[in-house]
Structures are given as structure tokens and as C-alpha cells.
Amino acid sequence: MTIEDVVRYINTHRDPVLTPEMDRLILETCAETHRLTAEMNAGYRDHETLIRYLSEITGETVDTSVNLFPPFYSDFGRNIHLGKRVFFNAACQLQDQGGIYIGNNVLIGHQTVLATIDHDLNPYSRRNHYAPIHIGDRVWIGAGVVITGGVSIGEGAVVAAGAVVTRDVPAFSIVGGVPAKVIRFLTEEERKPLPEHAERISGQEENASESHTSPEIHPGF
């Protein structure tokens with residue numbers, strides 16, 4: 001059995017119960033991921049090096065259009081799946097054993113927490129329960145947001161800073177608060193591609209693997 005087998009098992013079972021061998025493989029992978037993130041966060045890293053670390057952490061080839069401001073944290077790494085032109089601001093924390101799926105053109109604010117593991121309420125058990133997080137294309141997540149397992153965030157949605165998201169977020173909505181609730185929906189005018197972006201967006205969707213094209217980064221969000 002490999003760690004890829006364990007990930008497939010978690011991703012295809014509603015409430016998986018792990019064997020001792022699976023637990024051992026997960027712990028070994030967590031230790032390696034902690035080593036990699038510690039190295040990555042230890043000093044200045046250029047973009048190429050950051051992408052190499054992310055690819056090692058996730059076990060997938062991360063597109064060069066992805067960008068991040070370290071530090072970056074993951075407890076497991078091998079169940080993170082990134083689209084193109086994703087930006088992580090500093091100090092994001094991904095607890096990904098249950099699966100984290102992030103679409104294209106996504107902005108994630110600093111100190112965001114994505115948590116895919118819950119625990120049994122029984123104080124004598126506390127066994128893990130896994131549920132994935134899905135983040136759609138062109139989502140903007142503000143600073144200090146917490147998103148819990150089982151949540152899907154629809155395309156074009158905005159999650160206000162400090163929100164705790166425990167339920168699905170509709171596409172093109174703005175949500176905020178604890179727990180997060182819909183504040184309003186984007187107007188047709190707000191969700192329409194800007195003229196200067198329309199041609200570029202169309203081209204990116206047809207051929208998303210452009211050479212190093214970072215997203216439009218807004219460090220203050």
C-alpha cells in the first residue's frame with residue numbers, strides 16, 4: 001500500500017475508517033510535509049523554488065502561474081489540488097487530509113484556515129471524520145477566514161475577512177460573519193468581465209498553461 005492508495009480510499013469513502021497501516025503512512029507523510037514546509041519557510045525563496053516545494057508537498061505538478069507569500073503551512077499535503085493562477089497570501093494553513101480542491105484564478109487572504117478533519121464528539125473516541133473543501137473559480141477569500149470540511153464555495157464568490165464558513169456558499173455571492181451568511185449577491189454588472197480582461201480570460205481558459213503568469217496580487221486583502 002502507498003500513500004496514494006490511502007488518499008484514494010479517503011476520497012472515495014463517505015466516512016472512512018483507517019487501518020493501522022494507513023495511519024502509519026499518513027504519519028510518515030505528515031512528517032515529510034512538516035520538513036518540507038519548514039525548509040520552504042526558513043528564508044527567502046524565489047518563485048521557481050516555491051513552486052518546486054509546492055509540487056513536492058502536494059505530489060502533483062503545480063502550475064507556474066500559482067503564487068504564494070510564505071510562510072505556508074500544510075499538515076499533510078498530498079490531498080491538495082490546485083488550479084491555475086491561485087494566490088496564497090502569508091500564513092495560510094491547509095489541513096488537507098480530507099481533500100482541498102481549488103479552482104482557477106482564486107485569491108486566498110493571509111491566515112486563512114482550510115480544515116477538512118472533524119472529530120467524533122464522544123470524548124473516549126475523537127476519531128477523525130474527513131470531508132473535502134471545494135473552492136470554485138475566481139473566488140476571493142479575505143484574511144483570517146476559516147472554512148470547515150464539507151463546504152463548497154461557488155464560482156465568483158467573495159468571503160469577507162474573519163468569516164467562519166460552515167455551509168456551502170452560492171456562486172457570485174458575498175458572505176461574512178460567524179457563522180458566515182449571505183450578505184448579498186453580485187450584480188450582473190459586478191460579475192461581468194472587464195473589457196480589458198475579457199480577451200485574456202478567454203485565452204487563459206482555452207490554454208491555461210501560460211508561462212509564468214502570476215495572478216493579480218493584492219497583498220492587503
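Up top is the structure these notes are about.
Report on the accompanying structure. Treat the numbers as computed from the prediction; the structure is a model and nothing was measured. (Residues numbered from 1 in each chain as written. Predicted model: local features only at pLDDT ≥ 70, side-chain atom pairs only at ≥ 80, totals over all residues. Heavy atoms only, no water.)

1. Digging into the pattern of salt bridges
Rule in force here: Salt bridge, as used here, is a side-chain nitrogen of Lys or Arg placed within 4 Å of a carboxyl oxygen of Asp or Glu. Strands are runs of DSSP state E lasting at least two residues, helices are runs of H or I lasting at least four, and both sets are numbered from the N terminus onward. Only protein chains enter the accessibility calculation, which uses a 1.4 Å probe; a residue is then buried when its area is under 20% of its type maximum, exposed when over 50%, and partly exposed in between.
Under the definition given, this model contains 10 salt bridges. The shortest N-O distance in the salt bridge between Glu-4 and Arg-78 comes to 2.7 Å. Placement of the pair is Glu-4 in helix H1 (residues 3–12) and Arg-78 in the loop between strand S2 (72–74) and strand S3 (80–82), with a sequence separation of 74 residues. Among the residues examined, Glu-4 registers a relative accessible area of 34% and is labelled partly exposed. By relative accessible area, Arg-78 is classed as partly exposed at 23%. With a closest N to O distance of 4.0 Å, Glu-155 and Arg-138 form a salt bridge. You can see Glu-155 sitting in the loop between strand S14 (152–153) and strand S15 (158–159) and its partner Arg-138 sitting in the loop between strand S11 (133–135) and strand S12 (140–141), a full 17 residues away along the chain. Each member of the salt-bridge network shares a partner with another, and the members are Glu-21, Arg-24 and Glu-28.

2. Details of helix H2 (residues 20–40)
Rules: Every helix has an expected span of 1.5 Å times one less than the residues it contains. By definition, the arc is the one covered by directions from the helix axis to the C-beta atoms.
With 21 residues, H2 should reach 30 Å at 1.5 Å per residue; the first-to-last C-alpha distance of 30 Å fits that figure. Here H2 has its buried residues at Met-22, Leu-25, Ile-26, Thr-29, Cys-30, Thr-33, Leu-36, Thr-37 and Met-40. Seen end-on, H2 carries its buried residues on one side only, within an arc spanning 140 degrees. More than 90 degrees from the buried face of H2, the exposed residues found are Pro-20 and Leu-27.

3. Description of the sheet that holds S2
We apply this condition: Two strands form a pair only when DSSP identifies at least two bridges running between them.
The strand order across the open sheet built from 5 strands is S2-S5-S8-S13-S16, with neighbouring strands paired in parallel fashion. This sheet does not close on itself; its edge strands, each paired only once, are S2 and strand S16 (164–165). In this structure, S2 lies alongside strand S5 (residues 92–95), joined through 3 bridges in parallel fashion. Bridge pairing links Ser-74 to Leu-94 in S5.

4. Observations regarding the environment of Met-40
As a reminder of what qualifies: Note on definitions: a residue-residue contact is assigned when non-hydrogen atoms from the two residues lie within 4.5 Å.
Summarising the element assignment, Met-40 is placed in helix H2. Along the backbone, Met-40 and Tyr-73 are 33 residues apart, and their C-alpha atoms lie at a distance of 9.6 Å. Beyond its immediate stretch of four places on either side in the chain, Met-40 contacts Arg-45, Leu-50, Tyr-53, Ile-57 and Phe-72.

5. Structural notes on the sheet that holds strand S17 (residues 173–176)
Spatial ordering of the open sheet is given by S1-S4-S7-S12-S15-S17-S18, a layout of 7 strands whose pairing is mixed. On the outer flanks of this sheet lie strand S1 (67–68) and strand S18 (181–185), each paired with one strand and no other. Sheet topology note: the S17/S18 ladder contains 4 bridges and is antiparallel. Residue pairing in the sheet places Gly-176 in a bridge with Lys-181 of S18.

6. Overview of the packing of aromatic side chains
Operational definition: Pairing of aromatic rings covers Phe, Tyr and Trp, the last counted by its six-membered ring, and requires centre-to-centre distances within 6.5 Å; plane angles under 30 degrees mean stacked, over 60 mean edge-to-face, and any other angle means tilted.
The full count for this structure, using the stated rule, is 2 aromatic pairs. Between Phe-69 and Phe-87, the aromatic rings sit 4.9 Å apart at their centres with planes inclined by 85 degrees, giving edge-to-face as the arrangement. In this pair, Phe-69 sits in the loop between S1 and S2 while Phe-87 sits in strand S4 (residues 87–88), placing the two residues 18 residues apart along the sequence. Given a relative accessible area of 31%, Phe-69 falls into the partly exposed group. Summarising the aromatic geometry, the rings of Phe-72 and Phe-88 are spaced 5.3 Å apart at their centres and angled 70 degrees between planes, so their arrangement reads as edge-to-face.

7. Some details on the packing of H2 against helix H3 (residues 47–58)
So the rule is basically this: Inter-axis angles, ranging from 0 to 180 degrees, are taken between N-to-C directions of lines fitted to C-alpha atoms, where helices are fitted over the stretch in contact. When describing relative orientation, an angle under 35 degrees is termed roughly parallel and one over 145 degrees roughly antiparallel, while 65 to 115 degrees is termed roughly perpendicular and anything else oblique. Just so you know the grouping, Ala, Val, Leu, Ile, Met, Phe, Trp, Tyr, Cys and Pro go in nonpolar, Asp, Glu, Lys and Arg go in charged, and all remaining residues, Gly too, go in polar.
Interhelical geometry of H2 versus H3 gives an angle of 170 degrees and a closest axis separation of 10 Å. Between H2 and H3, the crossing angle belongs to the class labelled roughly antiparallel. Between H2 and H3, the contacting residues are Thr-33, Leu-36, Thr-37, Glu-39 and Met-40 on the first element and Leu-50, Tyr-53, Glu-56 and Ile-57 on the second. Residue composition of the contact of H2 with H3, by class: 5 nonpolar, 2 polar and 2 charged.

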